[in-house]
Structure formats: C-alpha cells, structure tokens
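# Close look at the chain arrangement
Below are the chains, spelled out letter by letter.
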Amino acid sequence: MTEDNRVGSEHAGRRTLWPVRAGHGFVALYVVLLIAFGVVPTVYAIYFAFTAAGDTFAGFSNFTGAEDDFRFLPAVEHVALYLVFWLVSLVILVVGLALLLHRIASRGVSKALRFVYYLPGALAGAASVMVWLFILDPTVSPVAFLLRALGLTTFDEAVAPGELPLLFTLIAFWTGAGGWILVMYGALNNIAPDILEAARIDGAGPWQTARRIQIPMLRKWIVYMVILAFAGGTQLFVEPQLLSQASVGVAGRDYSLNQLSYDFAFQNNNVNTAAAVSVELLLLGLGVAAVFVARSGFFDAD
C-alpha cells in the first residue's frame, strides 16, 4: 500500500467513526439525564412508598392508606372521565385534522395551518390555563356572547364541577393536539405516493383511502400518541390546581390524583402516602403502555 492510499484509508476510517462516536455521545448524555431525572426520583419514590416516617418497612400500608381516604375514589373517577373525553377527542380529531391537512397540502395553505396548529403548544401548561380562565369569565371574555348564549353569566357557572372534565379536555386539546397533528401529518407524508395513486386508480375516494390505507398505516403512530396522552392525562394537576385557586375552591384542590398526592405531601405532611399514589400512577401508565404495545405489534417490522 502506498503512502497516499494509507493516508486516504485513515481519513476514511475517521470519517466513518465520527458519526458513531457522535451518536454514542448524544445517547450517553440522554442516559445521564434519564438516570438523574427519571430513574433516581422513581427509585426514591418507591422507597418512600414502602417505608413509614421512621424509615421502617411499611409494606402496602401507604397504598391502603391512600385508597381508604375519602377523596381517593372521587379523584379516580374524575381522572377516568377526563381520560375518556381526552383520548377519544384526541384520536378522532387529531387523525381527522391531519388527514385534512395532508389533503389540502397542495393548495398552498398547509404551511399556514401547520403554524397555526403549533402556536397553542408553544405556551406552557400554566399559561394555557390562564388564557382559558380569561376566556371563561363572561365579564372579560372576548367570546362572552357565546358564554351567555349557553346560559353562563358568571365565572363560577362556567367552571361548575360537572363541566370540568369537558373543560379540561378543551384546555388539553387546545394545548397539545397541534403538535400531534404535525406528527401525524409527517407520518402521512411518509406513505409512498404510488400507494395512494394506485388507490385512486382503483376508484377509492378520500374516505376509502383514509379508512383502508392511511389510517392503518398510521396505526403505530396513533398507539404512540395514545400511550403518551394517557400517561400525561393521569398526571392531571396544573389545570385543576389553578382553577381551584381562581374559583376560590369551586373546582376543589383534590380533584385529581396528582392533586391528592400533593395534598398528602404538603398539607398533611405525609410524604410516604403521597409517594404511594405516585407509584400507583406510574404502574398504571406502564401497564396501559405494555397492553397497547403488546396488542398493536408496536415493535414489529412493517
């Protein structure tokens, strides 16, 4: 091998190794952050959930203590009802809007709509709730005429306990759906144009193409969205907490399980029971994710 060939081989080898090393560096940084802010707090919470105030083993007493609290079952019902509204609306409307956005992409309005969909998601959760508190107050709301048409003349009427699941669904959808619409839109763009063209030649209309081709090919993305949305929905906290403060207790400070856990820790000074509730939420999220992944063939090669 000549000197030039040897030098060229060394340069080629370095060019090949650089992407690998860069990838290892990014993954290593993620692993460090995952351990620091994910694994360690989880292990810490599990430790507290199975110990008493004196660091003695308590078995499942913290879990039974949380479930025996008179506020536990109502909080479970509130979160369950919210999840039904949230997940159903998310799947139907996100997939429907993504399909519509993909269909009108060639008409020049797709970029503007994608930007509009993204805007609400740019707000933090607390900021989004504050916007909705402003909208729901008939005395200052820019859509006060709509609220009055619905028979809502005061803020307390707009945030009545019976309306909260729907209200929290609206806030969550307004904040989080836009990002998922863009994700689904990107997934639709990955469907080979030849498949869609073949369907059109075979006489399939927009509805048939969506139902028989596009939605089945979005299945894994939909499952991924449902898993993350379910996990996020069980962690409902910011919306009812701020609403409780703004409505002077109309919503209640123990509306959700996360609020109840917060109340155990910082109002009752019972960190162990609070940790037990957190661990239950973790196990629920992992269990639902495992079922969806197993039943959907999420990791199967297409």
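Computed from a prediction, not measured in an experiment: that's the story for all the values here.

Conventions and cut-offs
- Residues numbered from 1 in each chain as written.
- Predicted model: local features only at pLDDT ≥ 70, side-chain atom pairs only at ≥ 80, totals over all residues.
- Heavy atoms only, no water.
- Helix = DSSP H or I, 4+ residues; strand = E, 2+ residues; numbered from the N terminus.
- Buried < 20%, exposed > 50% of the residue type's maximum accessible area, 1.4 Å probe, protein only.
- Areas by Shrake-Rupley, 256 points an atom, 1.4 Å probe, with all protein chains shown as cover.
- Phe/Tyr/Trp six-rings, centres within 6.5 Å; stacked < 30°, edge-to-face > 60°.
- Lys NZ or Arg CZ within 6 Å of the ring centre and 35° of its normal.
- Axes fitted to C-alpha atoms, helices over the stretch in contact; angles between N-to-C directions.
- Parallel < 35°, antiparallel > 145°, perpendicular 65-115°, else oblique.
- Contact = heavy atoms within 4.5 Å.
- Nonpolar A, V, L, I, M, F, W, Y, C, P; charged D, E, K, R; others polar.
- Polar contact = N/O pair within 3.5 Å; in protein donor to acceptor, adjacent residues only side chain to side chain.
- Patch = residues over 30% accessible without salt bridge, like charges linked within 9 Å, V, L, I, M, F, W, Y side chains within 5 Å.
- Salt bridge = Lys/Arg side-chain N within 4 Å of Asp/Glu carboxyl O.
- Left-handed = near helix turned anticlockwise from the far one by under 90°.

## Some words on the overall build of the chain
- The helix and strand inventory of the chain stands at 14 helices and 0 strands.
- Secondary structure of the chain in N-to-C order comes out as α-α-α-α-α-α-α-α-α-α-α-α-α-α.
- Residue burial in the chain is summarised as follows: out of 302 residues, 36% are buried.
- Summed over all atoms, the accessible surface of the chain reaches about 17800 Å², with 68% contributed by carbon and sulfur.

## Comments concerning unusual backbone geometry
- Positive phi values are uncommon outside glycine, yet Asn 269 reaches one of about 55°.
- You can see Asn 269 is positioned in the loop between helix H13 (257-266) and helix H14 (271-296).

## Topic: the packing of aromatic side chains
- Overall, the coordinates contain 10 aromatic pairs when judged by the stated rule.
- Residues Phe 60 and Phe 63 carry aromatic rings whose centres are separated by 5.9 Å and whose planes lie at 50° to one another, so their mutual orientation is tilted.
- Phe 60 gets classed as exposed once you look at its relative accessible area, which sits at 59%.
- Both rings, one in Trp 180 and one in Tyr 224, keep their centres 5.8 Å apart while their planes meet at 75°; by these two values the pair is edge-to-face. Taken as a pair, Trp 180 in helix H8 (residues 164-189) and Tyr 224 in helix H11 (residues 219-234) lie far apart in primary sequence, 44 residues in all.
- A residue is classified by how much of its surface remains accessible, and Trp 180, at 14% relative accessible area, is buried.
- Grouped by ring-pair contacts, the aromatic residues Tyr 44, Tyr 47 and Phe 48 constitute a single cluster.
- The residue whose ring lies beneath Arg 71 is Phe 264, and the NZ or CZ to ring-centre distance is 5.4 Å.

## Thoughts on the packing of H11 against H14
- Running from N to C, H11 and H14 point in directions that differ by 170°, and their axes come no closer than 9 Å. In terms of axis orientation, H11 runs roughly antiparallel to H14. Only Leu 281, Leu 284, Gly 285, Val 288, Ala 289, Phe 292, Val 293 and Ser 296 of H14 make contact with H11, whose side of the interface consists of Arg 219, Val 223, Val 226, Ile 227, Phe 230 and Thr 234.
- Its residues assigned to classes, the contact of H11 with H14 comprises 10 nonpolar, 3 polar and 1 charged.

## A look at the side chain of Thr 169
- Residue placement: Thr 169 occurs in helix H8.
- With a relative accessible area of 6%, Thr 169 lands in the buried category.
- There is a polar contact of 2.7 Å between the side chain of Thr 169 and the backbone oxygen of Pro 165.

## Regarding the environment of Gly 252
- In this structure, Gly 252 sits in the loop between helix H12 (238-246) and H13.
- Not counting residues within four places of it along the chain, the set of residues in contact with Gly 252 comprises Pro 240, Ser 244 and Gln 259.

## Examining a nonpolar patch on the surface
- A surface patch of nonpolar side chains, about 690 Å² in accessible area, is lined by Val 27, Tyr 30, Val 31, Leu 34, Ile 35, Val 39, Val 40 and Val 43.
- Relative to the helices and strands, Tyr 30 is located in helix H1 (residues 3-49).

## Focus: the packing of H13 against H14
- Taken N-terminus to C-terminus, the directions of H13 and H14 make an angle of 160°; their axes are 7 Å apart at the nearest point. Compared by their axis directions, H13 and H14 come out roughly antiparallel. The handedness of the crossing between H13 and H14 is left-handed. Of H14, the residues touching H13 (which contributes Leu 257, Asn 258, Ser 261, Phe 264 and Ala 265) are Val 271, Thr 273, Ala 274, Val 277, Ser 278 and Leu 281.
- Of the residues assigned to the contact of H13 with H14, the class counts are 7 nonpolar, 4 polar and no charged.

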